[in-house]
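Single-letter residue listing:
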Amino acid sequence: MSETAKIQLGDEIFEFPVITGTENEKAIDITTLRAKTGYITLDSGYKNTGATTSSITFLNGEEGILRYSGYPIEQLAEKSTFLEVAYLLIYGELPTKAQFDHWTHKITRHTLIHEDMKDFFGAFPSKAHPMGVLASNLISLSTFYPESLDPDREDSAVDLTIMRLIAKISTIAAWSYKNSVGHPVVYPHNKYNYCENFLNMMFSMPTEDYEPDPVVVRALDQLLILHADHEQNCSTSTVRIVGSSKANLYSAVAAGAAALWGPLHGGANQAVIEMLENIQRDGGGMQKWIVKAKDKDDPFRIMGFGHRVYKNFDPRATIIKKSCDDVLNKLGINDPILELAKQLEEVALSDDYFISRSLYPNVDFYSGIIYRAMGIPTQMFTVMFAMGRLPGWIAQWKEMIANKEPIGRPRQIYTGATERPYVPMAKRK
Ligand code: ACO
């Protein structure tokens, strides 16, 4: 007999089906709740609300498991490449050799952006945050490719938009950096692979050749893999909601980038380094910051700590922490900020406040230290995250369209004034 859940309201009992996922996750299907009872559910921050069923990413926060389409993140980080993982997320299977060759060939050849877009970069203030520049340019792409405006077009048109996005985001990201330092932009070059090309556009100068370091290239590829999807997080849910109105894919991912920017989400990687620099400037003592983090009247939080879903450890953080040591060793960099991060982690993880709330380092705690070692400026960290997350946003958007999901439109419980007559201004107190 299939499992059901019962809700009692007054004397009446209502039954709802229980849905079970392939990993035995359970949900009460309340699709008919309002129609049957007149009630809605209230779940601020959607802490208990499943917005969709999805076959893209499996995450078990209690056991620290993360898998893309069944493949453990640890294996993908070690053996795969970012473009291969992007294909896996978007099309559901690892590509054959022929599929992968076609995919990388197309992405490599779509990295140029329209020359008119170059003017956009110059129009932003030189100190513009690159996330603002990135999000604006992502939505601008829709104006250059109007054929992308209908998300229900045949698959080949959608595939072209997908390849354009993955190709062009690296150029937009690198150019937003070049603009921020007032240097001429560097055009993409087809002789490079995805990460080499990005690094070349970031660091090549008219005055000096740049040779991408294989250690840096591999570390970047791995970071992008680790960020590539994370099921229904804040930015991905934003992408699905925007896409559910049938807005085009460019606008949906631009909205995702905007959501990612916040320090409680992808902006945390920038915030972690700024926090560690503050601690360093302040003399390096940890206790003061632990006390501040625990004080409910103080807005300070340990950035890069805690996660809505992981309540044991974040498997991505485990991989990144190890990679951080490897990369700094191989590059011969001795960054005192890494030492501070390790000390802060040690102090926090032995403190009852953090233990009792299951607060552990998340993906952002160590990623910024690797980006620093690569020479990527702090303000660009969230842009790096967006580049990595783009395939996940696209995959989730594609799934939402394929499933013909209805427009996302939550309800509310109204708590404002009840009906009252309009008061003319002269009579207002
Ligand atoms: N430092 C100090 N206290 C914290 C922290 C932190 N980083 N994170 C959570 N807490 C405390 C809260 O104050 C709360 O305490 P209380 O129960 O006494 O009120 C408790 O732990 C639970 O925290 P919530 O904010 O309710 O948990 P939620 O799931 O809503 O938030 C979040 C998760 C936003 C990630 C939070 O842990 C946080 O702000 N972390 C710092 C920012 C960060 O690193 N964000 C990146 C997340 S990963 C990502 O998006 C890629």
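Calculation notes
- Residues numbered from 1 in each chain as written.
- Predicted model: local features only at pLDDT ≥ 70, side-chain atom pairs only at ≥ 80, totals over all residues.
- Heavy atoms only, no water.
- Domains from an automatic or database assignment.
- Contact = heavy atoms within 4.5 Å.
- Buried area = accessible area lost by both parts, 1.4 Å probe.
- Salt bridge = Lys/Arg side-chain N within 4 Å of Asp/Glu carboxyl O.
- Polar contact = N/O pair within 3.5 Å; in protein donor to acceptor, adjacent residues only side chain to side chain.
- Nonpolar A, V, L, I, M, F, W, Y, C, P; charged D, E, K, R; others polar.
- Core = buried A, V, L, I, M, F, W, Y, C linked by side-chain atoms within 4.5 Å.
- Buried < 20%, exposed > 50% of the residue type's maximum accessible area, 1.4 Å probe, protein only.
- Helix = DSSP H or I, 4+ residues; strand = E, 2+ residues; numbered from the N terminus.
- Pairing = 2+ DSSP bridges.
- Near = heavy atom within 4 Å.
- Areas by Shrake-Rupley, 256 points an atom, 1.4 Å probe, with all protein chains shown as cover.
- Axes fitted to C-alpha atoms, helices over the stretch in contact; angles between N-to-C directions.
- Left-handed = near helix turned anticlockwise from the far one by under 90°.
- Lys, Arg positive; Asp, Glu negative; His and termini not counted.
- Parallel < 35°, antiparallel > 145°, perpendicular 65-115°, else oblique.

## Some points on the domain arrangement of the protein chain
At step 1: Domain assignment breaks the protein chain into domain 1 (4-60) and domain 2 (74-410).
At step 2: Across the boundary between the two partners, domain 1 contributes 11 residues, which contact 15 residues of domain 2.
At step 3: Between domain 1 and domain 2 lies a buried interface of about 1,000 Å² when both sides are counted; carbon and sulfur atoms form 56% of it.
At step 4: For the interface between domain 1 and domain 2, the tally reads 0 salt bridges.
At step 5: Between domain 1 and domain 2 we count 6 residue pairs in polar contact (both at pLDDT 80 or more) in total.
At step 6: Tallied by class, the residues present in the side of domain 1 that touches domain 2 amount to 3 nonpolar, 7 polar and 1 charged.

## Looking at the nonpolar core
At step 1: Counting residues in hydrophobic clusters, the biggest one holds 119 residues, and the most contacted among them are Trp103, Ile166, Tyr194, Phe198, Ile369 and Ile376.
At step 2: Ranked by residues supplied to this core, first place goes to helix α18 (residues 381-402) with 13 residues.
At step 3: Discounting chain neighbours no more than four positions away, the residues touching Ile376 are Phe198, Met202, Phe203, Tyr371, Phe381 and Met384.

## Some remarks on the pattern of salt bridges
At step 1: Throughout the structure, instances matching the rule amount to 18 salt bridges.
At step 2: The shortest N-O distance in the salt bridge between Asp325 and Lys342 comes to 2.8 Å. Taken as a pair, Asp325 in helix α14 (residues 315-331) and Lys342 in helix α15 (residues 336-349) lie far apart in primary sequence, 17 residues in all.
At step 3: Across the pair Asp335 and Arg372 runs a salt bridge whose closest N-O atoms are separated by 2.9 Å. With Asp335 in the loop between α14 and α15 and Arg372 in helix α17 (residues 363-374), this pair connects stretches of sequence that are 37 residues apart.
At step 4: Using a relative accessible area of 9% as the deciding quantity, one classes Asp335 as buried.
At step 5: Accessibility expressed as a relative area gives 27% for Arg372, which makes it partly exposed.
At step 6: Salt bridges here are not isolated pairs; linked through shared partners, they connect Arg240, Glu399 and Glu405.

## Quick word on the pairing of strand β2 (residues 12-20)
For a regular strand, the rule is simple: side chains alternate between the two faces of the sheet.
At step 1: Pairing of strand β1 (residues 4-9) with β2 involves 6 bridges; the strand directions are antiparallel. Within β2, the residue paired with Leu9 across the bridge is Glu12.
At step 2: The antiparallel hairpin formed by β1 and β2 contains 2 residues in its connecting segment, where Gly10 sits at a positive phi of about 65 degrees.
At step 3: Looking at chain direction, β2 and strand β3 (residues 26-28) are connected through 3 bridges and run antiparallel. Bridge assignment links Thr20 to a residue of β3, and that residue is Lys26.

## Observations regarding the site of the ligand
At step 1: The ligand sits among 22 residues. The nearest are His265, Arg301, Ile302, Gly304 and Arg308.
At step 2: Take Ile302: an N or O atom from its main chain is 2.7 Å from a nitrogen atom of the ligand.
At step 3: Side-chain polar atom of Tyr353 to a nitrogen atom of the ligand: 2.9 Å apart, as the coordinates give it.
At step 4: Bound to the protein, the ligand loses 78% of the 920 Å² it would expose on its own.
At step 5: Broken down by class, the residue content of the shell around the ligand amounts to 11 nonpolar, 5 polar and 6 charged.

## With respect to the packing of helix α3 (residues 82-91) against helix α7 (residues 155-181)
At step 1: At a minimum axis separation of 13 Å, α3 and α7 run at an interaxial angle of 145 degrees. Classified by chirality, the crossing of α7 by α3 is right-handed. The residues of α7 that touch α3, namely those facing Leu83, Ala86, Ile90 and Tyr91, are Asp159, Ile162 and Ile166.
At step 2: For the contact of α3 with α7, a count of residues per class yields 6 nonpolar, no polar and 1 charged.

## Topic: α3
At step 1: Burial of α3 is extensive: 8 of the 10 residues sit out of reach of the surface.
At step 2: Buried within α3 we find Phe82, Leu83, Val85, Ala86, Tyr87, Leu88, Leu89 and Ile90.
At step 3: Residue Gly92 follows α3 closely and has a positive phi angle near 90 degrees.

## Some details on the side chain of Lys178
At step 1: Checked against the element boundaries, Lys178 lands in helix α7.
At step 2: Within the buried core, Lys178 has no salt-bridge partner, and the shortest N-O distance to an opposite charge, that of Glu208, equals 10 Å.
At step 3: Apart from residues lying up to four places away in sequence, Lys178 is in contact with His183, Pro184, Val185, Val186, Met201, Met202, Phe203, Ser204 and Met205.

## What about the sheet that holds β2?
At step 1: With antiparallel pairing, 3 strands are arranged side by side in an open sheet as β1-β2-β3. Edge positions in the sheet fall to β1 and β3, since each has one partner strand and no second. Averaged over all adjacent pairs, the angle separating strand axes in this sheet is 30 degrees, with direction ignored.

## A few points about the packing of helix α9 (residues 214-227) against α17
Angle between the axes and distance between the axes are the two parameters that describe a pair of packed helices.
At step 1: Contact geometry of α9 with α17 gives a least axis separation of 11 Å together with a crossing angle of 155 degrees. When the interaxial angle is binned, α9 and α17 end up roughly antiparallel. Like other packed secondary-structure pairs, α9 and α17 cross with a definite hand, here left-handed. Contacts between α9 and α17 pair Val216, Ala219, Leu220, Leu223 and His227 from the former with Val363, Asp364, Ser367, Ile370, Tyr371 and Met374 from the latter.
At step 2: Partitioned by chemical class, the residues of the contact of α9 with α17 number 8 nonpolar, 2 polar and 1 charged.

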